[in-house]
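# Working through the structure, step by step
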Amino acid sequence: MVSQPTSPQAVIPDPSLSRRIQHDDSHPKLFHSLHQEHSSVLSLAADDESIYTGSQDGQISVWDKTTFKLKALLRGHTGSVLALEYAPDKHWLFSASGDSTIRVWSTRNHTPLYLLHPHLETDSGDLFSLVWCRPLQTIYFGCQNTSLQWFSFSFPTLESAASFAVSLPSDGSIHSGTSTPTSISRKAHKFFDSYPQYTRRPADLNARNPTCASCLPSSVSSSSVPASSSSTRGLSPDSCVQDDLVKAPLAVLQVPPECVIFSAHYGYVYCMALLPSNREGSDDPAPEDTAGNGLQLVTGSGDSTVKLWQLPSGRAQDAAPQLLHTFDCGAGAVLALAVRGDTVFAGCQDGLVKVWDLETRTLVRTLLVVENVDILSMSMLHSDLYVCSANGDIQRWSASFDLVGSWRGHEGIILSSIITRVPSSDTAQERHGENFTLVTGGNDDMIKVWEVQPPRTNRDSLSELSGFGNTADVSKSINDILVYALAKFVAIPSVSNSLAHKEDCRQAAIWLRKCFTQLGAEASLLPTGESTNPLVLATFHGTRTSPHRPRILFYGHYDVISARPNGWASDPFTLTGRNGYLYGRGATDNKGPIMAVACAAADLLARRALGVDLVMLIEGEEEAGSGGFVEAVKRHKDAIGPIDSILVSNSTWIAEDTPCITYGLRGVVHCNVEISNDGPDLHSGVDGGAAREPMLDMVKLLGTLTDDANKIAIPDFYDRVRPLTEDERQLYKVLSSVTQTPASLLAARWREPSLTVHNVEVSGPRNSTVIPSKVRAHISVRIVPDQDLESIAASVQEHLKAQFQRMRSPNKLNVTIDQTADWWLGKLDDSWFRALENAVKDEWGVDPLRIREGGSIPSVPYLEKEFSCHALHLPLGQSTDQAHLPDERISLANLRRGKRVVERFLSNVGSKSPLSPVQTNDS
């Protein structure tokens, strides 16, 4: 291991891959602020004239859209108003509460219409989410007890629901307070009204632990009951609940048992949305325009999943939704949902937004909003996504997944948001339909109204992609991300053979996992050992609707060799563009190719064209001998899964202008030879000639390895070397004309074995008067088809020991094999190779050169044997890329076109329609 100077800890770049594109209108104007006294704003809804805000104290405030004055308070709930939903066709407002009820209000006169109890009443717990389905005249809601329930308001259903109706009190009123429902309106709850277990008593209404009064805010618990006889008539036995007379609804209804899906999730059902979207601000077609059985429901839960349900069609309003698919977000609870077309955005507990494509059932992107900060609300305005976080920030994301706006919205947690129109005095705005606002509510007791505008895009151009943005926009965005992400990747000095950069390597692995996740993969880190760097495993899942998808493993490495500043024209760990090239350590070996392949998969995902599963296995010890790699792959082989073919991109072309495909690598045996005696280092002027010197023995011993013709002198060494065929001879003639290098020299570099003495080290002060007592040499032997790796390693050791024994030296010999790697030869007649060759030809317009490499990549032949499949090697860089040298670089055109080659290859083998023929624009 080469020691490196201690360097200060590198600054790890922001993991977000989304470009922060700031426009003049990126920070919208605050149109108006509303203050809701002493109560967080948990939910929002709006109609043409009013904004409705649900509060923690159980009230619903009604604000005038024109004057922004509070014009009514809707009272009735005894728990927090957790969800609001407006039904424009009926002019109804639905409110769901922590008191396990749904209330239906008239938005014309703000009077109560219905009180709806879920099935099992309070056993359903808090009611977190609501969706009104206009074509089915049905309200769907998600419950704390993990159930999904619904109730149809069609007339036949209302009549049949009479048998489940709850009787009203004889005085025509229902009683409401600021806490748990009273004994008049509720049953004993087996959990909340339970006694300590040791008492062995059943639950009843007298078991209140802790007392309700201790749970109330001081502003509520100190309020007085009106001093009238009517107040005592309605007073609850629980003295901590303050009752007010509330106007009775027209009917009290209950969800029948057949309208329940128990355990719809394995967690609270926090959010839901209708497909196509029925939200204001959506540019989806109206649900009424959806033909056949096109209505679907998505639900999000604390179990980290999003579920897609098919809703009934026609007159079967009461029929149960049918589960179509479950999407596992793997990022904490799903707290918010937004939909557009066939795209679902899931806001998660850990600050991530998962973007799912419903047609292919695949994860197309992950947006990193704010790490480890919950996303509690999201709203769509055409193709723009507004994301509200628990830190009070609001972000605006474009259809191409660019962050185009970010601002501080509240001095607290943002709990709710909606898009709605407000009356405008600007006739130009009205004419263009641009009088949209984003309304947000938080635990700072504030409602804020922000002026926002729809993006300047034509919805018709999105029909093919249904939610992502058009093909050109998505591809351009990912091309920009390619360079943007590579700059961040190169900035991490992940030098694997330096203890000073041990933490940098770990941070590089963590960053790369987050990068792959945002591009749409499922990614994780796999440990390789206490002293070695982890593997990064990422899987880009192809179209889930395709039953038999090929699985391709891409192998690469995120570690680099050291880069001393001498010889560099710019900082080696700052990606710098000059004259069409990107300079930086790892640009060509191997960070650039890794990002090209990942972005190719992301581009195909976004265009619903990924017909394969691409598994990326990226190690962090390649430059230091791949320590722990083999053991880790075997240990985690089930997580990697079955593999059909292996793709590598870890070399360069043999020239500047002609693309190549590598089909062969030599193997290698690294050997350490040590000769020593038991004495100390000696002075040559005192003991020279009297002692048998280890250095002289070493020189003689190394001289026995080759003969006078520079051939390796180990017995039987060449016996299994594969003879040169006529096809190979003609190939070398072609390559010789391209590279202006003699064919014999190319053959010697690529297909003939070789032996190299790399260094000789001595003990002592290394000056010209010392006889070292210990001498160590490092040699390597490159092997070729069909030499056997283990046999060659053994024969090298046997030869050195036999020759040393003949020397009859009193010194001691120790020979160890340090590292080995087998040779690799691709299958030129393989369908996978032809698919890759066609992809290169379609992109560059010429047949690629078939070349071999004199170097070795230990992992390639191992992976072939471990997964019993063939490997392919696609070089992206040019011969002058300076890998391992100062001013390492990669051509920007090669990087981008290399990405397109990978796209074409994945399309070819995935049975998707191939990409269009040659593109001449290198940008």
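Note that this is a predicted model, so its numbers are computed, not measured.

Reading guide: rules and limits
Residue indices begin from 1 for each chain and proceed along its sequence in written order. Reporting of local features is limited, given that this is a predicted model, to residues whose pLDDT is at least 70; pairs of side-chain atoms are given and counted only at 80 or more, and all residues count toward the totals for whole chains, interfaces and linings. For the side-chain quantities, the full set of heavy atoms in the structure was used; hydrogens and water were omitted. With axes taken as lines fitted to C-alpha atoms, and helix axes fitted only over the stretch in contact, angles between N-to-C directions fall between 0 and 180 degrees. Every helix listed is a DSSP run of H or I at least four residues long, and every strand listed is a run of E at least two residues long, numbered separately from the N terminus. Small angles under 35 degrees read as roughly parallel and large ones over 145 as roughly antiparallel, with 65 to 115 read as roughly perpendicular and the rest as oblique. Handedness of a helix crossing follows the sense of rotation of the near helix relative to the far helix, less than a right angle counterclockwise being left-handed and clockwise being right-handed. Between two residues, a contact is recorded if the distance between any of their heavy atoms is within 4.5 Å. Pairing of aromatic side chains requires ring centres within 6.5 Å, counting the rings of Phe and Tyr and the six-membered ring of Trp. Pairs whose planes differ by under 30 degrees are stacked, by over 60 edge-to-face, and all others tilted. Any residue under 20% of the maximum accessible area for its type is buried, any over 50% is exposed, and the rest in between are partly exposed; the area is computed with a 1.4 Å probe on protein chains only. In short, DSSP must find at least two bridges between two strands for them to pair. Here, a salt bridge means any Lys or Arg side-chain nitrogen found within 4 Å of an Asp or Glu carboxyl oxygen. A residue's pLDDT is the confidence the predictor assigns to it, expressed on a 0 to 100 scale. Under the scheme applied here, ten amino acids are nonpolar (Ala, Val, Leu, Ile, Met, Phe, Trp, Tyr, Cys and Pro), four are charged (Asp, Glu, Lys and Arg), and all others, including Gly, are polar. Each nonpolar core is a collection of buried residues, namely Ala, Val, Leu, Ile, Met, Phe, Trp, Tyr and Cys, held together in the definition by side-chain atoms within 4.5 Å.

### Observations regarding the packing of helix α15 (residues 831-844) against helix α17 (residues 892-909)
Two quantities define a packed helix pair, namely the angle between the helix axes and the distance between the axes. Running from amino to carboxyl end, α15 crosses α17 at an angle of 135 degrees, the nearest separation of the two axes being 8 Å. In terms of axis orientation, α15 runs oblique to α17. Here α15 runs over α17; the crossing is right-handed. In this structure, α15 uses W832, A835, L836, N838, A839, V840, D842, E843 and W844 to contact α17, whose residues at the interface are N894, R897, R900, V901, R904, F905, N908 and V909.

### Re the packing of aromatic side chains
For the structure shown, the criterion picks out 23 aromatic pairs. Ring centres of F94 and F153 lie 5.7 Å apart, and the angle between their planes is 65 degrees; this geometry places the pair in the edge-to-face category. Here F94, found in strand β7 (residues 92-97), pairs with F153, found in the loop between β12 (148-152) and α1 (155-160); they are 59 residues apart in sequence, far enough to count as distant. A single burial state applies to F94 and to F153, both of which are buried. With a centroid separation of 6.0 Å and 45 degrees between ring planes, the pair formed by Y732 and W750 is classed as tilted. Taken as a pair, Y732 in helix α12 (residues 726-739) and W750 in helix α13 (residues 743-750) lie far apart in primary sequence, 18 residues in all.

### Re the sheet that holds strand β15 (residues 251-254)
Remark on secondary structure: sheet strands pair via backbone hydrogen bonds, oriented parallel or antiparallel. Strand order in this open sheet of five strands is β6-β7-β8-β9-β15, and the pairing throughout is mixed. The open sheet has two edge strands with one neighbour each: β6 (81-87) and β15. Direction aside, the axes of adjacent strands within the sheet are offset by 20 degrees on average. Judged from the four bridges that link them, strand β9 (residues 112-117) and β15 form a sheet pairing that is parallel. From the neighbouring strand, L115 faces β15, where its bridge partner is V252.

### Some details on the environment of P312
Inspection of the secondary structure assignment puts P312 in the loop between β19 (305-310) and β20 (322-328). Taking the C-alpha atoms as reference points, P312 and Q296, separated by 16 residues in sequence, lie 8.7 Å from one another.

### A look at the sheet that holds strand β25 (residues 375-381)
Taken together, four strands build an open sheet; the order of strands is β25-β26-β27-β28 and the sheet is antiparallel. The open sheet has two free edges, formed respectively by β25 and β28 (403-408), since each of these has just one partner strand. Pairs of neighbouring strands in the sheet enclose a mean axial angle of 15 degrees, with direction left out of account. Looking at chain direction, strand β26 (residues 384-389) and strand β27 (residues 393-397) are connected through four bridges and run antiparallel. Bridge assignment links L385 to a residue of β27, and that residue is W397.

### Focus: the pattern of salt bridges
This model, assessed by the stated rule, comprises 33 salt bridges. Note that D603 is salt-bridged to R607, the shortest N-O span being 3.0 Å. Between D603 and K899 there is a salt bridge whose closest N-O contact spans 2.9 Å. A residue pair is termed long-range when its members are at least 10 positions apart, and D603 in helix α7 (residues 591-606) and K899 in helix α17 qualify at 296 residues. Classification of D603 as buried rests on a relative accessible area of 0%. Members of the salt-bridge network, linked through shared partners, are D342, D357, E359 and R608.

### Structural notes on the confidence of the model for the protein chain
The predicted model of the protein chain has a mean per-residue pLDDT of 85, with 82% of residues at 70 or higher. Predicted confidence is poor over residues 208-244, with pLDDT under 50, and the contacts of this stretch with residues over four places away or in other chains come to 47 contacts. Here residues 427-432 is a poorly scored stretch, pLDDT under 50, and it has four contacts once near neighbours within four places are set aside; other chains count.

### Considering the packing of helix α6 (residues 502-518) against α7
Between α6 and α7, whose axes approach to 10 Å, the crossing angle comes to 25 degrees. Our classification of the angle between α6 and α7 gives roughly parallel. The chirality of how α6 crosses α7 is right-handed. Contacts between α6 and α7 involve L512, C515 and F516 on the former and, on the latter, I594, M595 and A598. Of the residues in the contact of α6 with α7, the class split is six nonpolar, no polar and no charged.

### Quick word on the pairing of strand β18 (residues 296-301)
It is a general feature of regular strands that their side chains alternate between the two faces of the sheet. Taken across its six residues, β18 has six buried, putting it largely inside the fold. Side chains Q296, V298 and G300 of β18 all project onto a buried face; the interleaved residues L297, T299 and S301 project onto the opposite face, where all are buried too. Bridge analysis of strand β17 (residues 269-275) against β18 gives six bridges, and the strand direction is antiparallel. Looking across to β18, one finds that V269 is bridged to S301. Looking at chain direction, β18 and β19 are connected through five bridges and run antiparallel. Paired with L297 across the two strands is W309, which belongs to β19.

### Some points on helix α16 (residues 859-867)
The buried count for α16 comes to eight of nine residues, which makes it a mostly enclosed element. Among all positions in α16, only S859, V860, P861, Y862, L863, E864, E866 and F867 are buried. Positive phi appears at S868, one or two residues downstream of α16, with a value of about 55 degrees.

### Describing the environment of R776
Mapping R776 onto the fold places it in strand β44 (residues 774-783). Linking R776 and V762, residues 14 residues apart in sequence, is a C-alpha distance of 6.3 Å. Dropping the residues within four chain positions of it, R776 is found in contact with V673, E674, M698, N759, V760 and E761.

### Side note on the nonpolar core
Counting residues in hydrophobic clusters, the biggest one holds 79 residues, and the most contacted among them are L385, L512, F516, L519, F540, M616 and F905. In terms of residues, this core owes the most to one element, α7, which gives eleven residues. Ranked by size, the runner-up nonpolar core spans 37 residues in total, among them A96, V255, I261 and M272.

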